[in-house]
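What the coordinates show
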Amino acid sequence: MSSSLRRTTSISKTIAPALTHLKTLIQPYSATAVALESSTSTAYNEEEPGAISMKGVKISGRPLYLDMQATSPVDPRVLDAMLPYFVSHYGNPHSRTHLYGWESEQAVERAREQVAASINASPKEIVFTSGATESNNISVKGFMRFHKESKRHVITTQTEHKCVLDSCRHLQQQGFDVTYLPVGSDGLVKLSDLEAAIRPDTGLVSIMTVNNEIGVVQPMAEIGQICKKHGIVLHTDAAQALGKIPVDVQEIGVGLMSLSAHKIYGPKGVGALYIRRRPRVRVEPQMSGGGQERGLRSGTVPTPLAVGMGAACEVAVKEMEYDSKHVQVLQQRLLNGIRSRLDGVVINGSEEHRYWGNLNLSFAYVEGESLLMGLKEVAVSSGSACTSASLEPSYVLRALGVDEDMAHTSIRFGMGRFTTEEEIDRAVELTVNQVEKLREMSPLYEMVKDGIDIKSIQWAQH
Amino acid sequence: MSSPSRTEILGLFRSLLKTARKFPDYNIREYMKRRTIDGFRQNSKLTDAPSVSSAFLDANSQLEVAKRQAVVYTLYAPPIKSVMEIKSTS
């Protein structure tokens, strides 16, 4: 970090309470701050001071956050690194003629080194993008378009993130062939399927390291070996894996890797793409412009966001061992807590090959939407944020072979660095209560308890 | 640089926990308390002077970061607290 920044090293006891008092006096200037003030004030219920009423739901406080796969809170250490670049060091890193540009560029290059160090790459192989979605687009569409004369085939899996699947569909419309590998009921891709799908004109294999919906970890080292043997470039979406499990580009042998900042306690709106230099991987840029980022991604690099991503990567590497032990304890607590009081609970995805912080459970004989409606004090999601707009059960669970009714009742608990054991206990309490309440009302559950096999019932047709 | 004394280390430990209490956010506060306790417990096993000094300096710089961020988080604290901080009625 630049040592030329002047910082007040001791915040005296008199300043902090005075600032708190000031906060209540200062009128917000910006329009968004005013909108925020007015929206939260109208959300207050007149009868119960301190309650939030939004979208027809009333809750007494801010829900406890168990949706770490959707996004994660920004770590205070990351915010601390970013703030100077919003406040005083606001230069454009591509301005070559003045101090503002020089110090901004220095910060971006430092962030690049931090990101590269976290995956054992060289800083020259890191390109900053707007997020893992953009990195995935460049990897799939950009790579295949560059090699369109010689390579016409892409291999991916059915459980990939929507941006990879959509990019592949776009390529199909342009005349490329795409193979979507099936996965087993444990969510893992079979290596024999991968080998069998490889053709002479296969250019790219894209398989995500850790799945965002079910938390399953794919055997990346073995997949990398197969790709190396056939001379095919491997791309992996490591957005959910970075900082949680060890990620080493040399060990896996990937040619392209997508990274995201807001999954590792960094800011939203920034990500990175790792592009191997030896042997060189070439992609066609998707953003045209002034040739920034070695001509691969034009556009001003957002200095504060890039600095935030670098800081987040550095903190993540330092804290990885401690965080993963903590998250493992939390998962065991959650699983034991729920399983000791409920039956008919199924874990979606392999139990051994998973990241501890992602637990996707299905509760039998319970309707999913009503379960979620009763869990308003816990912020969880069913399936992934990308697909929750439609009423369809998640395509990932469908690829696992999960029955429709079980897919509808799936809940994804996402735990992370800042989750506490008390929050897990409260989440267990709320979930178990809600499931028991719903099952009590369910005639299906009554029939199951009486020993009737539901699948053998002939439902009367009127 | 000479090794920090036991008093200095304990003083730093207390400052970190005191700063943790200043965060209005439930999760950050609990994390900082837990991390400080676990970190000092783990580093108590260190014996050689250079690593003790570097751990002390690292913790000191983290304290500075935490002091600044406690102010920022207080300025932007949401008016409604987390459900974990509100006495449960059920």
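Bear in mind that the values here come from a model prediction, so they are computed numbers and not experimental data.

Conventions and cut-offs
- Every chain is numbered on its own, with residues counted from 1 as its sequence reads.
- Ligands are numbered from 1 and chains lettered from A, in the order in which they are written.
- With pLDDT at 70 or above as the cut-off, local features in this predicted model cover only qualifying residues; side-chain atom pairs require 80 or more to be listed or tallied, and sums for whole chains, interfaces and linings still use all residues.
- Note: side-chain values were computed over all heavy atoms of the structure, leaving out hydrogens and water.
- Working definition: helices are DSSP H or I runs of at least four residues, strands are E runs of at least two. Numbering for both runs from the N terminus.
- Accessible area is worked out with a 1.4 Å probe on protein chains only. A residue is then buried under 20% of its type maximum, exposed over 50%, and partly exposed in between.
- Contacts between residues were defined by any pair of non-hydrogen atoms, one from each residue, lying within 4.5 Å.
- Surface accessibility in these figures is a Shrake-Rupley result with a 1.4 Å probe; residues are shielded only by whichever protein chains are displayed.
- In short, DSSP must find at least two bridges between two strands for them to pair.
- All axes are obtained by fitting lines to C-alpha atoms, using only the stretch in contact for helices, and the reported angles, taken between N-to-C directions, cover 0 to 180 degrees.
- Think of a nonpolar core as a cluster: buried Ala, Val, Leu, Ile, Met, Phe, Trp, Tyr and Cys residues, connected wherever their side-chain atoms sit within 4.5 Å.
- A quick way to say it: buried area is the sum, across both parts, of accessible area lost when two parts are put together, with a 1.4 Å probe.
- Should a side-chain nitrogen of Lys or Arg be within 4 Å of a carboxyl oxygen of Asp or Glu, the pair is scored as a salt bridge.
- Any pair of nitrogen or oxygen atoms within 3.5 Å is treated as a polar contact; in protein, a donor-acceptor pairing is required on top of that, and neighbouring residues in sequence qualify only through side-chain atoms on both sides.
- Each aromatic pair joins two rings of Phe, Tyr and Trp (for Trp, the six-membered one) with centres within 6.5 Å, and gets the label stacked for planes under 30 degrees apart, edge-to-face for over 60, and tilted for any other angle.
- A ring has a charge above it when a Lys NZ or an Arg CZ is no more than 6 Å from the ring centre and no more than 35 degrees off the ring normal.
- Each patch is assembled from residues with relative accessible area greater than 30% and no salt bridge, linking like charges that lie within 9 Å and nonpolar side chains (Val, Leu, Ile, Met, Phe, Trp, Tyr) that lie within 5 Å.

**Some details on the overall build of chain A**
Across its full length, chain A holds 16 helices and 14 strands. Within chain A, buried positions represent 52% of all 462 residues. Sequence separation of at least 24 residues holds for 73% of the intrachain contacts in chain A that already meet a minimum separation of 6. Approximately 22100 Å² of chain A is accessible, and the part contributed by carbon and sulfur atoms is 54%.

**Thoughts on the sheet that holds strand β11 (residues 345-347) of chain A**
Residues and elements named next belong to chain A. The three strands lie next to each other as β11-β12-β14, forming an open sheet whose pairing is antiparallel. Whereas interior strands pair on both sides, the edge strands pair on one side only; in this sheet they are β11 and β14 (410-414). Strand-to-strand twist of the sheet, defined as the mean angle between neighbouring strand axes without regard to direction, takes the value 30 degrees. Sheet topology note: the β11/strand β12 (residues 358-363) ladder contains three bridges and is antiparallel. Looking at the pairing, Val-346 lines up with Ser-362 of β12. On top of the sheet, helix α11 (residues 303-339) reaches β11, β12 and β14; it is set at about 10 degrees to β12, its chief contact.

**A look at the pairing of β14(A)**
Residues and elements named next belong to chain A. Of all five residues making up β14, five are buried, and the element is well covered by its neighbours. Every second residue of β14 is oriented toward a common face, with Ser-410, Arg-412 and Gly-414 on one face and Ile-411 and Phe-413 on the other, all of them buried. As paired elements, β12 and β14 share five bridges and run antiparallel to each other. Note that in β14 the partner of Leu-361 across the bridge is Ile-411.

**Looking at the nonpolar core**
Taken as a class, soluble globular proteins show a tendency for nonpolar side chains to be buried jointly. Within the largest apolar cluster, 54 residues are counted, with the highest numbers of intra-cluster contacts made by Ile119(A), Phe128(A), Met257(A), Leu259(A) and Met309(A). No other element matches α11(A), which puts eight residues into this core. If sequence neighbours within four positions are ignored, Leu259(A) has contacts with Val115(A), Ile119(A), Gly131(A), Ala132(A), Ser135(A), Ala238(A), Leu242(A), Gly271(A), Ala272(A) and Met309(A). One finds Phe413(A), Ala427(A), Val435(A) and Tyr26(B) within the second-largest nonpolar core, a separate group that totals 30 residues.

**Focus on the interface of chain B and chain A**
Across the boundary between the two partners, chain B contributes 32 residues, which contact 36 residues of chain A. When chain B packs against chain A, close to 3100 Å² is buried across both sides, 58% of that on carbon and sulfur atoms. Interface area lost by chain B to chain A is led by Tyr31(B), Ile80(B) and Val83(B), which between them contribute 21%. A salt bridge links Lys318(A) to Asp58(B); its shortest N-O distance comes to 3.5 Å. Scanning the region where chain B abuts chain A turns up 16 residue pairs in polar contact (both at pLDDT 80 or more).

**A short note on the packing of aromatic side chains**
Throughout the structure, instances matching the rule amount to six aromatic pairs over all chains. Taken together, a centroid distance of 4.9 Å and an interplanar angle of 75 degrees make the contact between Phe418(A) and Tyr31(B) edge-to-face. With one member in each of two chains, Phe418(A) in the loop between β14 and α15 (421-441) and Tyr31(B) in helix α2 (residues 26-43) form a pair that bridges those chains. This pair shows no difference in class: Phe418(A) is buried, exactly as Tyr31(B) is. One aromatic cluster is present, built from ring pairs that chain together Tyr265(A), Phe418(A) and Tyr31(B). Just above the ring of Phe176(A) sits the side chain of Arg152(A); from NZ or CZ to the centre is 4.3 Å.

**Quick notes on the sheet that holds strand β7 (residues 202-206) of chain A**
Residues and elements named next belong to chain A. One open sheet accounts for seven strands, arranged β4-β10-β9-β8-β7-β5-β6; its pairing is mixed. On the outer flanks of this sheet lie β4 (126-129) and β6 (177-181), each paired with one strand and no other. Across this sheet, the average inter-strand angle for adjacent strands is 20 degrees, counted without regard to direction. Here strand β5 (residues 153-157) runs beside β7; their pairing, made up of four bridges, is parallel. Counted as the bridge partner of Thr-156 is Ser-206 from β7.

**A look at the pattern of salt bridges**
In the structure shown here, the tally under the stated rule is 26 salt bridges over all chains. Arg112(A) is the salt-bridge partner of Glu293(A), the closest N and O atoms lying 2.9 Å from each other. Linking Glu293(A) in the loop between β10 (271-275) and α11 with Arg112(A) in helix α5 (residues 99-118), this pair joins segments that are 181 residues apart in sequence. The pair Glu293(A) / Arg112(A) is uniform in exposure class, with both members buried. Of the charged contacts, one joins Arg29(B) and Glu85(B) as a salt bridge, the two residues approaching to 2.5 Å between their closest N and O atoms. Remark: Glu85(B) occurs in the segment after α3 (49-75) and Arg29(B) occurs in helix α2; sequence separation between them is 56 residues. Owing to a relative accessible area of 26%, Glu85(B) belongs among the partly exposed residues under this scheme. Salt bridges here are not isolated pairs; linked through shared partners, they connect Asp75(A), Arg77(A), Glu319(A), Asp323(A), Arg417(A) and Arg35(B).

**Some details on unusual backbone geometry**
Residues and elements named next belong to chain A. Of the consecutive residues Arg-278 and Pro-279, the connecting peptide bond is found in the cis state with omega at -5 degrees. Within the secondary structure, Pro-279 sits in the loop between β10 and α11. One non-glycine residue with positive phi stands out, namely Arg-294, at about 60 degrees. You can see Arg-294 is positioned in the loop between β10 and α11. Taking the relative accessible area as the measure of exposure, Arg-294 reaches 53% and is therefore exposed.

**Side note on a nonpolar patch on the surface**
Residues and elements named next belong to chain A. On the surface, a cluster of nonpolar side chains totalling about 310 Å² of accessible area is made up of Tyr-365, Leu-444 and Trp-459. The residue Tyr-365 is located in the loop between β12 and α12 (368-374) in this model. Take Tyr-365: its relative accessible area is 34%, and that puts it in the partly exposed class.

**Considering the pairing of β4(A)**
For a regular strand, the rule is simple: side chains alternate between the two faces of the sheet. Residues and elements named next belong to chain A. Burial along β4 is two-sided: Ile-126 and Phe-128 and Val-127 and Thr-129, pointing in opposite directions, are all buried. In this sheet, β10 lies alongside β4 in antiparallel orientation, the contact comprising four bridges. Across the sheet, residue Ile-126 finds its bridge partner in β10, namely Tyr-274.

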